[in-house]
Amino acid sequence: MHRFNEADAGAAEEALLACCGSHRWALRLTAHRPYPDIESLLAAASEASYDLRPADLAEALADESWMPQPLLGMRAPGSQAAHTALRAAHAAYEARFGHVFVVCLEGVPPEEMLDTVLSSIRTRLANDPDEERLIAADELRRIALTRLEHLVATHSEAGAH
């Protein structure tokens, strides 16, 4: 926590943008430093996520779309047919909602990821756009909190050595 709290504003903002691609979210968390502990930082991050405006959410979702990672679930073990179905589901989702599919997979075992992602996409394709925007925002919030927790833990461990 100390390294995050003491980092210059630009470095803190860049680190936060790796957790959630909304500049408004990152600026807000940077401006409210120092945080006494990780729980306070996560609470502030969660609150800032709930306050994202539609443009902020669109910015964060667009950031997820260019991140250098395979389609969600594509690294998970599974048959070629399942991976083909997953690619088609991702494409259908993006065509319907205009942004990438996001779901927090924290705690999901690797062997269940492909099925979890495919099932989630198929279920969420039935949502209306407003309902899906709320679900995507909450999933993005959960992802950002997980990334932030890992970021602070990694920096704390690096500073301890």
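Above this text is the structure in question.
Below: a short report on this structure.

Basis of the calculations
Starting from 1, residues in each chain are numbered consecutively following that chain's sequence as written. At least 70 in pLDDT is required for a residue's local features to be given in this predicted model, at least 80 for side-chain atom pairs to be given and counted, and no such filter applies to totals for whole chains, interfaces and linings, which use all residues. Remark: hydrogens and water are excluded; side-chain values derive from all non-hydrogen atoms of the structure. The secondary structure listing takes helices from DSSP runs of H or I that are at least 4 residues long and strands from runs of E that are at least 2 residues long, numbered from the N terminus. Note on exposure labels: buried denotes an accessible area under 20% of the residue type's maximum, exposed denotes more than 50%, and partly exposed covers the range between, all computed with a 1.4 Å probe on protein chains only. By the convention used here, residues are in contact when the closest approach between their heavy atoms is within 4.5 Å. Computed by Shrake-Rupley with a 1.4 Å probe, the accessible areas treat only the displayed protein chains as cover when residues are assessed. In this analysis, the expected span of each helix is defined as 1.5 Å times one less than the number of residues it contains. A pair is scored as a salt bridge if a Lys or Arg side-chain nitrogen falls within 4 Å of a carboxyl oxygen belonging to Asp or Glu. An axis is simply a line fitted to the C-alpha atoms; with a helix, the fit covers only the stretch in contact. Between two such axes, the angle follows the N-to-C directions and lies from 0 to 180 degrees. Here is the rule for handedness: rotate from the far helix to the near one, and if that takes an anticlockwise turn smaller than a right angle the crossing is left-handed, while a clockwise turn gives right-handed. Throughout this entry, Asp, Glu, Lys and Arg are counted as charged residues, while Ala, Val, Leu, Ile, Met, Phe, Trp, Tyr, Cys and Pro are counted as nonpolar. The remaining residues, Gly among them, count as polar. Residues belong to a common nonpolar core when they are buried Ala, Val, Leu, Ile, Met, Phe, Trp, Tyr or Cys residues joined through side-chain atoms within 4.5 Å. Ring pairs are drawn from Phe, Tyr and Trp, using the six-membered ring of Trp, whenever the two centres fall within 6.5 Å, and their geometry is named by plane angle: stacked under 30 degrees, edge-to-face over 60, tilted for the rest. Working note: the arc is built from the helix axis to C-beta atom directions.

With that out of the way, let us pick up the overall build of the chain. A count of helices and strands for the chain gives eight helices and zero strands. Along the chain, helices (α) and strands (β) appear in the sequence α-α-α-α-α-α-α-α when read from the amino end. Looking at the chain as a whole, 43% of its 161 residues qualify as buried. Taking all contacts inside the chain whose residues are at least 6 apart in sequence as the whole, residues at least 24 apart take part in 68%. Total accessible area on the chain stands at roughly 8,600 Å², and carbon and sulfur atoms take up 57% of it.

Helix length check: helix α7 (residues 110–124), at 15 residues, gives a terminal C-alpha distance of 21 Å against a target of 21 Å (1.5 Å per residue), a fit within 8%. Taken as a whole, α7 has its buried residues at Leu-114, Val-117, Leu-118, Ser-120, Ile-121 and Arg-124.

Let's shift gears to the pattern of salt bridges. The tally for this structure, following the rule as stated, stands at nine salt bridges. When the shortest N-O distance is used, the salt bridge between Arg-124 and Glu-132 registers 2.6 Å. Overall, the relative accessible area of 0% leaves Glu-132 in the buried class. Because the salt bridges share partners, they merge into one network encompassing Arg-24, Arg-53 and Asp-56.

Two numbers describe how helix α6 (residues 80–97) lies on α7: the axes approach to 10 Å, and their chain directions differ by 35°. Here α6 and α7 pass one another in a crossing that is left-handed. Listed contacts from α7 to Ala-82, His-83, Ala-85, Leu-86, Ala-89, His-90, Tyr-93 and Phe-97 of α6 are Leu-114, Val-117, Leu-118, Ile-121, Arg-122 and Arg-124. Grouping the amino acids of the contact of α6 with α7 by side-chain chemistry returns 10 nonpolar, two polar and two charged.

Ranked by internal contacts, the top residues of the largest apolar core, which has 45 residues, are Trp-25, Leu-41 and Leu-148. Contributions of two or more residues to this core are made by α2 (9–17), α3 (23–31), α4 (38–50), α5 (54–66), α6, α7 and α8 (129–160). Among the elements that take part in this core, α8 stands out by supplying eight residues, more than any other. Those residues within four positions of Trp-25 in sequence are excluded, and the remaining contacts are Leu-16, Cys-19, Cys-20, Ala-45, Ala-48, Ser-49, Leu-52 and Ala-144.

Attention now moves to the packing of aromatic side chains. Applying the stated criterion across every chain, the model contains three aromatic pairs. Aromatic side chains Tyr-93 and Phe-97 sit 4.8 Å apart centroid to centroid with 50° between the ring planes, which places their arrangement in the tilted category. Remark: Phe-97 and Tyr-93 occur in helix α6; sequence separation between them is four residues, near one turn of the helix. The same class applies to Tyr-93 and to Phe-97, which are both buried.

On to α4. Within an α-helix, residues lying three or four positions from one another point in the same direction, as the helix has 3.6 residues per turn. Taking 1.5 Å per residue as the helical rise, α4 with its 13 residues ought to reach 18 Å, and the 18 Å between its terminal C-alpha atoms agrees with that figure. The complete set of buried residues in α4 reads Ile-38, Leu-41, Leu-42, Ala-45, Ser-46, Ala-48 and Ser-49. For α4, the arc enclosing every buried residue in end-on projection is 165°, short of the 170-degree limit, so these residues lie on one face. Residues of α4 that are exposed and point over 90 degrees away from its buried face: Glu-39 and Tyr-50.

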